[in-house]
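# Overview (structure and organization)
As a plain string of letters, each chain reads:
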Amino acid sequence: MEESLQAVREEILGRIGHCTTDQEIEQLRVEYVGRKGKLTLLLRGLKDIPSEQRPQRGAELNELRGFFEAEIEARLKALKRGEKERILREERVDITLPGNRSERGGVHPLMLVMDEIIDVFLRMGFEVARGPDIEDDYHNFEALNMPKDHPARDMQDTFFVSGDHVLRTHTSPVQIRVMERRKPPLQVIVPGAVYRHDDDATHSPMFHQVEGFMVDSHISFSDLKGVLTHVLRQIFEEKAGVRFRPSFFPFTEPSAEIDIQCVLCSGRGRTGEGQLCRVCKGSAWLEILGAGMIDPAVFRFVGYDPEKVSGFAFGMGVERIAMLKFGIEDIRLFFQNDLRFLKQFR
Ligand code: DAH
């Protein structure tokens, strides 16, 4: 078999050129330089040719073998480079693409306002107390000077839970719970949910109040006025007018309702165009708080001597304050969980 070495060289180049994987190259290596490989056999055949031709032929064969090895290495390198390029190309990450934003939650507007109110009181040295949402008749009514047949119970349309228990209709029962356990001086606020059988644009069956009270040996109505005027001006505007009107609550005597000047028309009652202000309906004032001096009867229920201690108490509706601050006209928006509404208060 006298195949020319030039032909073998070309065949090698062709075969290597067609290899696309490491395995194919390995196979080719076996086929040419393995134990029974084509080049191996050619080299072995050297012994059968005339001795004067042998050095020349040996040198040519060795050169061819070197050529084969070099081509194989070059091909392996090229394949590896191609693979790397493929990975870079196919697995490319476009760092300019916008990412997936995760939705960020926010504090509910009512809780924002609640926290703001609590903060004002904390700065004045009040502490925070809490009580149960399911309350017994004694704490919700009786000890607040509302006996079973008292008409004042009609002011609060009550959800009855069972027998003696109700969903608390106000945060005032926590006054009783705190005073039962502790002695004056007390400076306490009670933020929390309350419940009444009421449901329209300005009433929700569940809403929130911040109750507060201050009891010591010489607390007077002027303390009530000073504290609540300051609090309202902190929550609304520093210059807002504040007005106290006589009122009635069974658990305070005397009692007052407190108004602030309308936040929308600044106490003018009319808009710039002369129309009735839609927030205060032209009255220029907004009722914002119930308050009063704690009734001696309440002190007796908790075992305090009304001759020795005095105090004031107040209660405010968080929804009403939030509606006035943000200009919200329907209380139900707070509880519908519409993100388009809630997102405005971040
Ligand atoms: N508990 C009353 C209500 O829900 C609000 C209130 C008025 C609370 C006067 C008080 C107060 O502590 O002194 O309507």
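Below you will find a few notes about this structure. (Residues numbered from 1 in each chain as written. Predicted model: local features only at pLDDT ≥ 70, side-chain atom pairs only at ≥ 80, totals over all residues. Heavy atoms only, no water.)

A separate point is the environment of R153. Summarising the element assignment, R153 is placed in the loop between α6 (137–140) and β3 (160–162). Look past the residues within four positions of R153 in its chain and what remains in contact with it is D137, F141, E142, M146, P147 and K148. Within polar-contact distance, the side chain of R153 engages the backbone oxygen of M146 at 3.0 Å. A polar contact is formed between the side chain of R153 and the backbone oxygen of P147, at a distance of 3.2 Å. (Helix = DSSP H or I, 4+ residues; strand = E, 2+ residues; numbered from the N terminus. Contact = heavy atoms within 4.5 Å. Polar contact = N/O pair within 3.5 Å; in protein donor to acceptor, adjacent residues only side chain to side chain.)

Let's shift gears to the sheet that holds strand β2 (residues 134–136). Two strands in a sheet stick together by hydrogen bonds in their backbones, pointing the same way (parallel) or opposite ways (antiparallel). Pairing is antiparallel in the open sheet, where three strands are placed in the order β2-β4-β3. Of all strands in the sheet, those with a lone pairing partner are β2 and β3, marking the two edges. In this sheet, neighbouring strand axes are inclined to one another by 40 degrees on average, regardless of whether the strands run parallel or antiparallel. Two strands pair when backbone bridges link them, and β2 and strand β4 (residues 165–167) are joined in this way by three bridges, in the antiparallel orientation. If you follow I134 over to β4, its bridge partner there is L167. (Pairing = 2+ DSSP bridges. Axes fitted to C-alpha atoms, helices over the stretch in contact; angles between N-to-C directions.)

A few words on the sheet that holds strand β5 (residues 186–195). Taken in spatial order, the seven strands make up an open sheet running β1-β5-β6-β10-β9-β8-β7, and their pairing is mixed. At either margin of the open sheet sits one strand with a lone partner, and together these are β1 (127–128) and β7 (242–249). The pairing of β7 with strand β8 (residues 252–261) spans seven bridges and is classified as antiparallel. In the strand pairing of β8, S247 is matched with S255. In the packing of helix α8 (residues 221–235) onto the sheet, the strands contacted are β6 (206–216), β7, β8, β9 (285–294) and β10 (310–317), and the crossing angle to β9 comes to about 150 degrees.

Turning next to the site of the ligand. Around the ligand sit 16 residues, and of these H170, S172, R196, Q209 and E211 come closest. At 2.9 Å, a side-chain N or O of H170 approaches a nitrogen atom of the ligand. A distance of 2.9 Å separates an oxygen atom of the ligand from a polar atom in the side chain of Q209. For the shell around the ligand, the secondary structure elements donating two or more residues are β6, β9 and β10. (Near = heavy atom within 4 Å.)

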